[in-house]
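# Remarks on the overall topology
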Amino acid sequence: MIKKMVSLVAVSMAIGCFAGEKGYAATNPPQQEINRMLTEEAFKKGIPPEIVKAVAIQESSWRQFDEKGDPLVIDGGIGIMQVTQPHNFNEDLLKNDIKYNIEKGVEILDQKFRNFDAILPKLNDMDRDVLQNWYFALLAYNGKKQVNSATKQDDGSVNKGAYQEE
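A brief structural summary. (Residues numbered from 1 in each chain as written. Predicted model: local features only at pLDDT ≥ 70, side-chain atom pairs only at ≥ 80, totals over all residues. Heavy atoms only, no water.)

Examined against the element boundaries, R128 turns out to sit in the loop between α5 (98–114) and α6 (135–142). A distance of 2.7 Å separates a polar side-chain atom of R128 from the backbone oxygen of K45. In this structure, R128 is in contact with K45, G46, I47, P48, D110, F113, R114 and W134, ignoring residues within four places of it in sequence. (Helix = DSSP H or I, 4+ residues; strand = E, 2+ residues; numbered from the N terminus. Polar contact = N/O pair within 3.5 Å; in protein donor to acceptor, adjacent residues only side chain to side chain. Contact = heavy atoms within 4.5 Å.)

Shown next as structure tokens:
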């Protein structure tokens, strides 16, 4: 009897490990688990966890999967970090592996802060621990487009609706 119960638990756990693959509905981890994953990945890259968590909440409301259990895909963005695909990442993993999605989203955010394209202005001494210094990296994460401009084009006032402002 105990052997059968152990086998049943093992099978159930194996099925849970494949959640998100074809034929299985996936669920989002509990908020505490998502918080832990976001925090850990942020620390690995030397990014304030508040920045990574803010991106994830803005992009997906901390969801990897929609209410039907399908990978969350919005306007070409995939998963919790809404990673887009000019990066040549594994699309199946972006859709079905929340840890991979977070890792790649944080990698992109780190690259934006390091300003590899050298187009964005640098703020202050670019101390990574100062939240305000992430302003332009956040703008670039969502895309260097007019809607994310710090100022409104028509009157020059502060654009409080810009991605990085929110």
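What follows continues from the structure just given.
Next up on the list: the packing of helix α2 (residues 31–45) against helix α3 (residues 49–60). It is at 8 Å that the axes of α2 and α3 come closest, and there the two elements cross at 130 degrees. The angle between α2 and α3 places the two elements in the oblique class. The way α2 lies across α3 gives a crossing that is right-handed. Contacts between α2 and α3 pair N35, L38, T39, A42 and F43 from the former with P49, V52, K53 and A56 from the latter. The residue inventory of the contact of α2 with α3, partitioned by class, reads 6 nonpolar, 2 polar and 1 charged. (Axes fitted to C-alpha atoms, helices over the stretch in contact; angles between N-to-C directions. Parallel < 35°, antiparallel > 145°, perpendicular 65-115°, else oblique. Left-handed = near helix turned anticlockwise from the far one by under 90°. Nonpolar A, V, L, I, M, F, W, Y, C, P; charged D, E, K, R; others polar.)

Tallied over the entire structure, the rule returns 2 aromatic pairs. When the ring of Y135 is compared with that of F136, the centres are 5.1 Å apart and the planes differ by 85 degrees; the resulting orientation is edge-to-face. Overall, the relative accessible area of 18% leaves Y135 in the buried class. (Phe/Tyr/Trp six-rings, centres within 6.5 Å; stacked < 30°, edge-to-face > 60°. Buried < 20%, exposed > 50% of the residue type's maximum accessible area, 1.4 Å probe, protein only.)

Over its 15 residues, α2 runs 21 Å from end to end, which matches the ideal 21 Å to within 8%, given 1.5 Å per residue. Within α2 the residues assigned to the buried category are I34, M37, L38, T39, E41 and A42. Of the surrounding secondary structure, the elements contacted by the buried residues of α2 are α3 and α5. (Expected span 1.5 Å × (residues − 1).)

Moving on: α6. For α6, a buried count of 7 out of 8 residues is recorded, marking the element as mostly surrounded by other parts of the structure. All buried positions along α6 are accounted for by Y135, F136, A137, L138, L139, A140 and Y141. Buried positions along α6 lie against α3 and α5. Positioned one or two residues after α6, G143 has a phi angle of 120 degrees, which is positive.

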